[in-house]
Amino acid sequence: MARTKRTGRRSGNPDTRSEILSAARRLFADEGFESVSMRRIAGEAGVDPSLIHHYFGSKDELFMAAIEIPFDPAPEVEAVLKSGDVDGAGGRLMHAFVAIWDGPHHEKLLAVVRTSLSKPAMAFVLRQLFEHRIVKTVESTLGGQVDHIPIRANFIASQIFGLVVTRYILKLEPMASLSEAELAETVGPTIDRYLTMPVEHLSRES
């Protein structure tokens, strides 16, 4: 007997989670985190919206799973920034950054960065991660103390991503062998400068 093709939205099955992730990756890459709703993702995947909440809980958790980052950086960034003044925040961020990169998620993080360097869609989604989970966290945490957060965060990103490439991918010496304390001492002041230097002349705001 010929099988009848199912129509309508599907209930949960072993493939549902992966299909939700595939739909989320496409939409996040094409339109960005803020523009895509959970209902839109459910429609793209052909599932009931309740299944997204069942498998992932929230839109933030779905986003993190979709880009395959093994941890959410937002709570760590918020905790580090709240633990002291703006002056010295760079050193604290570097301590946290190296601890994360040298920790149990090291190989997975390397894989994500290598993929983002070779696949434009993944690079765009990684950008969404930075803007949504890091820039907005810095803005909400330091918004009353630091202006022009998006501009400053871009400079901080250039420092951090450059460090990722030189230390963990190219493994250039002596960068690859510097300790957490040495990196915090040398790179931290540069991040502090990005947080405090005048940037009004760089603003593109009307």
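First things first, this report covers the structure right here in the doc. (Residues numbered from 1 in each chain as written. Predicted model: local features only at pLDDT ≥ 70, side-chain atom pairs only at ≥ 80, totals over all residues. Heavy atoms only, no water.)

### What to know about the packing of aromatic side chains
Here the structure, examined in full by the defined rule, presents seven aromatic pairs. Residues phenylalanine 28 and phenylalanine 63 carry aromatic rings whose centres are separated by 5.1 Å and whose planes lie at 80° to one another, so their mutual orientation is edge-to-face. Of this pair, phenylalanine 28 sits in helix 1 (residues 16-31) while phenylalanine 63 sits in helix 4 (residues 59-66); the two residues are 35 residues apart in sequence, bridging distant segments of the chain. Side by side, phenylalanine 28 and phenylalanine 63 carry an identical accessibility label, which is buried. (Phe/Tyr/Trp six-rings, centres within 6.5 Å; stacked < 30°, edge-to-face > 60°. Helix = DSSP H or I, 4+ residues; strand = E, 2+ residues; numbered from the N terminus. Buried < 20%, exposed > 50% of the residue type's maximum accessible area, 1.4 Å probe, protein only.)

### Description of the nonpolar core
Leu81, Met94, Phe97, Trp101, Leu142, Ile191 and Leu195 are the most contacted members of the largest nonpolar core, which totals 35 residues. Put simply, the parts of the chain that give this core at least two residues each are helix 5 (73-82), helix 6 (89-101), helix 7 (106-118), helix 8 (120-142), helix 9 (149-169) and helix 10 (180-196). For this core, the element with the highest residue contribution is helix 9, accounting for eight residues. Residues contacting phenylalanine 97, with those up to four places away along its chain left out, are Ile160, Leu163, Val164 and Tyr168. Grouped together as the second largest cluster of nonpolar side chains are 28 residues, Met38, Phe56, Met64 and Ile69 included. (Core = buried A, V, L, I, M, F, W, Y, C linked by side-chain atoms within 4.5 Å. Contact = heavy atoms within 4.5 Å.)

### Considering the packing of helix 6 against helix 9
Packing of helix 6 against helix 9 leaves a shortest axis separation of 12 Å and a crossing angle of 40°. Considering their axes alone, helix 6 and helix 9 lie oblique with respect to each other. When you trace helix 6 past helix 9, the crossing you get is right-handed. Packed against helix 6, whose contacting residues are Met94, Phe97, Val98 and Trp101, the element helix 9 presents Ile160, Leu163, Val164, Arg167 and Tyr168 at the interface. Here the contact of helix 6 with helix 9 is built from residues that sort into eight nonpolar, no polar and one charged. (Axes fitted to C-alpha atoms, helices over the stretch in contact; angles between N-to-C directions. Parallel < 35°, antiparallel > 145°, perpendicular 65-115°, else oblique. Left-handed = near helix turned anticlockwise from the far one by under 90°. Nonpolar A, V, L, I, M, F, W, Y, C, P; charged D, E, K, R; others polar.)

### Points about the pattern of salt bridges
The final tally for this structure, using the stated rule, is eight salt bridges. Taking the shortest distance from any N to any O, the salt bridge between arginine 127 and glutamate 131 comes out at 3.0 Å. Separated by four residues within a single helix, arginine 127 and glutamate 131 lie in helix 8, roughly one turn from each other. (Salt bridge = Lys/Arg side-chain N within 4 Å of Asp/Glu carboxyl O.)

### Comments concerning the environment of aspartate 85
By the element assignment, aspartate 85 lies in the loop between helix 5 and helix 6. Expressed as a C-alpha distance, the spacing of aspartate 85 and leucine 142, which sit 57 residues apart in the sequence, is 9.4 Å.

### Description of unusual backbone geometry
A negative phi angle is the norm for most residues apart from glycine, just as the trans form is the norm for most peptide bonds. A cis geometry characterises the amide bond from glutamate 173 onward to proline 174, with omega recorded as 5°. Summarising the element assignment, proline 174 is placed in the loop between helix 9 and helix 10. Phi at histidine 148 is positive, roughly 50°, even though this residue is not glycine. In this fold, histidine 148 is placed in the loop between helix 8 and helix 9. Phi angles above zero are rare outside glycine, and lysine 171 is one such case at about 55°. For lysine 171, the position within the fold is in the loop between helix 9 and helix 10. For lysine 171, a relative accessible area of 56% corresponds to the exposed category.

None of the figures reported here should be taken as evidence of function without further support.
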